[in-house]
Amino acid sequence: MTIESPGEFWKDYELVDSGNFEKLERFGAYYMSRPEPKALWDKTLPASEWDSTINVKFKPGAGFGKAGKEDSGTWDKRKRMEDQWTIKYGSRQKGLNLTLRLGLTSFKHVGVFPEQAPNWEYIYRNTSELVERAAAEGLDRPKVLNLFAYTGAASLAAKAAGADVTHLDSVRQVVTWARNNMELSHLENIRWVVEDALKFARREAKRGNVYQGIILDPPAYGHGPDGEKWKLDECLFEIMKCVAAILAPENSFMVLNLYSNGYSAVLGETVVRQAFGLSGECPGLECGELVLKDRFGKNLPLSIFVRLRR
């Protein structure tokens, strides 16, 4: 198991401090504080410095902490700032240069999850290798499917590497947001799908469609565009079996990310092993945690990942 965090080369994002169930972050020129249930320790900076630094603070609403509404609330602006702005992600891998639009949403999120940067790096690196192999062997470009794709940084990483990318999310507004990020990043020709992820994966399996890369970051709870209900505990193993059916058996990769509290990297690895029928040593299988490290060296664990390369 490994612990990974964004590289220090990313200058447009920083976790400044964390503690007392909050995190102080900088996105570009703007500082914000947001609730963080995993920040169980004390803050390092005094509260007065947090208050004097931030442009905006997220204030939880009445439904905060309840299933399906755990992130709802409002933003309290303390200093002047734009409601929407952009940040850059420039990797040390040549060609992975993204521009991402951010915004203040009622669900605590701003349009990017910075701890996911190591996954973007993995997706870009592995997709690039598959593209090179396909070109050398005279094959079609690899196809990459991003399920629960949100505003699309992972989709952009695969597209920047040269893949044919299908981006799926059940919320039309965030698909539009992802399209905007594609245009800002000077990319094009991503396939956009607004649909329930499990329904789509089942249909692709029945049709025998195959992808060389599959990315999925399922939420704990959610709804499809037609009211389909998603509960991670009940649906994770089924969708992983669908993913196993549509991932190419050779020259392919899979990235699973999980945010749900109580899920461990070992649990995620076991789900993947069982869904794919893996046993014994699997050199291409890895799992771990994605963390953000603040200025004072405190590691804030935010999600677990399982990756498979074959």
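Bear in mind the structure is a predicted one, so any value in this text is a computation, not a measurement. (Residues numbered from 1 in each chain as written. Predicted model: local features only at pLDDT ≥ 70, side-chain atom pairs only at ≥ 80, totals over all residues. Heavy atoms only, no water.)

*Asks:* Hey, could you go over the packing of aromatic side chains for me, with residue numbers and the actual values?
*Replies:* For the structure shown, the criterion picks out 11 aromatic pairs. On the basis of an interplanar angle of 85 degrees and a centroid distance of 5.1 Å, the ring pair of Tyr89 and Trp120 is categorised as edge-to-face. Remark: Trp120 occurs in helix 2 (residues 117-137) and Tyr89 occurs in strand 7 (residues 84-90); sequence separation between them is 31 residues. When sorted by exposure, Tyr89 lands in the same class as Trp120, which is buried. (Phe/Tyr/Trp six-rings, centres within 6.5 Å; stacked < 30°, edge-to-face > 60°. Helix = DSSP H or I, 4+ residues; strand = E, 2+ residues; numbered from the N terminus. Buried < 20%, exposed > 50% of the residue type's maximum accessible area, 1.4 Å probe, protein only.)

*Asks:* Can you lay out the nonpolar core for me, pointing to particular residues and giving the numbers?
*Replies:* In this structure, Phe27 and Trp120 are the most contacted members of the largest nonpolar core, which totals 46 residues. Among the elements that make up this core, the one with the highest residue count is helix 2 (six residues). Apart from the residues within four sequence positions on either side, Phe27 is in contact with Asp12, Tyr13, Met32, Arg34, Trp85, Ile87, Leu102, Val110, Val112 and Pro114. Core analysis: the next-biggest nonpolar cluster, separate from the first, contains 38 residues, Met240, Val272, Cys287 and Val306 among them. (Core = buried A, V, L, I, M, F, W, Y, C linked by side-chain atoms within 4.5 Å. Contact = heavy atoms within 4.5 Å.)

*Asks:* Could you give an account of the sheet that holds strand 4 (residues 30-35), with specific residues and numbers?
*Replies:* Reading across from one edge, 2-3-4-5-6 is the order of the five strands in this open sheet, with mixed pairing throughout. This sheet does not close on itself; its edge strands, each paired only once, are strand 2 (13-19) and strand 6 (73-77). Going across the sheet, the axis of each strand differs from the next one's by a mean of 20 degrees, ignoring polarity. Judged from the two bridges that link them, strand 4 and strand 5 (residues 56-60) form a sheet pairing that is parallel. Note that in strand 5 the partner of Ser33 across the bridge is Lys57. (Pairing = 2+ DSSP bridges. Axes fitted to C-alpha atoms, helices over the stretch in contact; angles between N-to-C directions.)

*Asks:* Talk me through helix 7 (residues 265-276); I want residue IDs and the actual numbers.
*Replies:* If you check helix 7, its first and last C-alpha atoms are 16 Å apart, about what 12 residues at 1.5 Å a residue would give, namely 16 Å. Considered for burial, the residues of helix 7 that qualify are Ala265, Gly268, Val271, Val272, Arg273, Ala275 and Phe276. Turning to helix 7, the residues buried within the fold contact helix 6 (232-246), strand 15 (253-258), strand 16 (285-293) and strand 17 (299-309). The positive-phi residue at the C-terminal boundary of helix 7 is Gly277, with phi of around 70 degrees. (Expected span 1.5 Å × (residues − 1).)

*Asks:* Could you give me a rundown of the sheet that holds strand 16, with the residues and numbers involved?
*Replies:* Within the open sheet, the eight strands sit side by side as 1-16-17-15-12-9-10-11. Their pairing is mixed. A strand with exactly one partner marks an edge of an open sheet, and here the two such strands are strand 1 (2-4) and strand 11 (191-194). Within the sheet, the average angular offset between the axes of one strand and its neighbour, ignoring direction, is 20 degrees. Relative to strand 11, strand 10 (residues 164-169) is paired through four bridges, and the arrangement is parallel. Within strand 11, the position partnered with His167 by the bridge is Trp192.

*Asks:* Explain the packing of helix 2 against helix 3 (residues 153-160) to me, and be specific about the residues and the numbers.
*Replies:* At a closest axis distance of 8 Å, the pairing of helix 2 and helix 3 adopts a crossing angle of 25 degrees. Our classification of the angle between helix 2 and helix 3 gives roughly parallel. The handedness of the crossing between helix 2 and helix 3 comes out as right-handed. Side by side, helix 2 and helix 3 meet where Trp120, Ile123, Tyr124 and Thr127 of the first sit next to Ala153, Ala154, Ala157, Ala158 and Ala160 of the second. When grouped by side-chain class, the residues that make up the contact of helix 2 with helix 3 number eight nonpolar, one polar and no charged. (Parallel < 35°, antiparallel > 145°, perpendicular 65-115°, else oblique. Left-handed = near helix turned anticlockwise from the far one by under 90°. Nonpolar A, V, L, I, M, F, W, Y, C, P; charged D, E, K, R; others polar.)

*Asks:* Mind laying out the pairing of strand 15, listing which residues take part and the relevant values?
*Replies:* Burial of strand 15 is extensive: six of the six residues sit out of reach of the surface. Neither face of strand 15 is open: one carries Phe253, Val255 and Asn257, the other Met254, Leu256 and Leu258, and all of them are buried. Pairing of strand 12 (residues 213-216) with strand 15 involves four bridges; the strand directions are parallel. Among the inter-strand pairings, Ile215 is bridged to a residue of strand 15, identified as Val255. As defined by bridge partners, strand 15 adjoins strand 17 across six bridges and the pair is classed as antiparallel. Its bridge partner lying in strand 17, Leu256 is registered against Val306.

*Asks:* Can you break down the pairing of strand 7 residue by residue, with the values?
*Replies:* For a regular strand, side chains alternate in direction, first toward one face of the sheet and then toward the other. Side chains Trp85, Ile87 and Tyr89 project from strand 7 onto a buried face, and the interleaved Gln84, Thr86, Lys88 and Gly90 project onto a face without burial. What sits between strand 7 and strand 8 (residues 97-103) in their antiparallel hairpin is a turn of six residues, with Gly95 showing a positive phi close to 105 degrees.

*Asks:* Describe in detail the pattern of salt bridges, supporting the description with residues and values.
*Replies:* Taken as a whole and judged by the stated rule, the model has 20 salt bridges. Arg273 is paired through a salt bridge with Glu269; the nearest N and O atoms lie 3.4 Å apart. In this pair, Arg273 and Glu269 both sit in helix 7, four residues apart, roughly one turn of the helix. Through salt bridges with shared partners, a single ionic network connects Glu4, Glu286 and Arg307. (Salt bridge = Lys/Arg side-chain N within 4 Å of Asp/Glu carboxyl O.)

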